[in-house]
Amino acid sequence: MRARLEELMGAYGQKVTLISRKSGEEVGVMAFLQPVLKERTAPPVTATPLGAVSGRRWLYVGPAGREIRPGDRLRFDALRLVAQEAEALYFRGEILYHRAVLRQEKEAAE
């Protein structure tokens, strides 16, 4: 299952750069990155065909082989994000993927 998920990330994911908070090491990975959908009544939001999108929070789903921790940064094109929450998800005792909720870097400093 893990191999299939990483195959899908490689084919359909985005190339992002993870930057370790502790060491500053930069690693490029293929991962899924998407804005978190919000209700239209919760500002600030932007309407999209998928629903209202909050520009403040993003969901990251990345490969099992590259851990992401709170405080690590992520770069994707002009977007700069910081991990607020992060966890590894397991299947049959093995890490299947890493998941994180991120915020724009300038907001994380506030």
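Residues numbered from 1 in each chain as written. Predicted model: local features only at pLDDT ≥ 70, side-chain atom pairs only at ≥ 80, totals over all residues. Heavy atoms only, no water.

Undergrad: I would appreciate a short explanation of the confidence of the model for the protein in the present structure.
TA: It should be kept in mind that the predicted coordinates are not to be read in detail where pLDDT is low. Here the protein averages 86 in pLDDT, while 80% of its residues score no lower than 70. Looking across the protein, the model is least confident in strand β3 (residues 45–48), with a mean pLDDT of 59, and most confident in strand β1 (residues 14–19), with 97. (pLDDT = per-residue confidence, 0-100. Helix = DSSP H or I, 4+ residues; strand = E, 2+ residues; numbered from the N terminus.)

Undergrad: I tried to follow the environment of Gln-14 on my own but got confused; where do I start?
TA: Relative to the elements of secondary structure, Gln-14 occurs in strand β1. When residues no more than four places from it in sequence are discounted, the contact partners of Gln-14 are Val-29, Met-30, Ala-31, Phe-32, Leu-33 and Phe-76. At 3.0 Å, the side chain of Gln-14 forms a polar contact with the backbone nitrogen of Leu-33. (Contact = heavy atoms within 4.5 Å. Polar contact = N/O pair within 3.5 Å; in protein donor to acceptor, adjacent residues only side chain to side chain.)

Undergrad: Honestly, the nonpolar core in this entry has me stumped. Any pointers?
TA: Nonpolar side chains in soluble globular proteins generally cluster together in the buried interior. Ranked by internal contacts, the top residues of the largest apolar core, which has 14 residues, are Val-16, Leu-33, Tyr-60, Ile-68, Leu-74, Leu-81 and Leu-102. Among the elements of the structure, β1, β2 (26–38), β4 (51–62), β6 (79–91) and β7 (94–104) are those that each provide at least two residues to this core. Counting residues in each nonpolar core, the second largest holds five residues, with Leu-5, Met-9, Val-61 and Tyr-97 among its members. (Core = buried A, V, L, I, M, F, W, Y, C linked by side-chain atoms within 4.5 Å. Buried < 20%, exposed > 50% of the residue type's maximum accessible area, 1.4 Å probe, protein only.)

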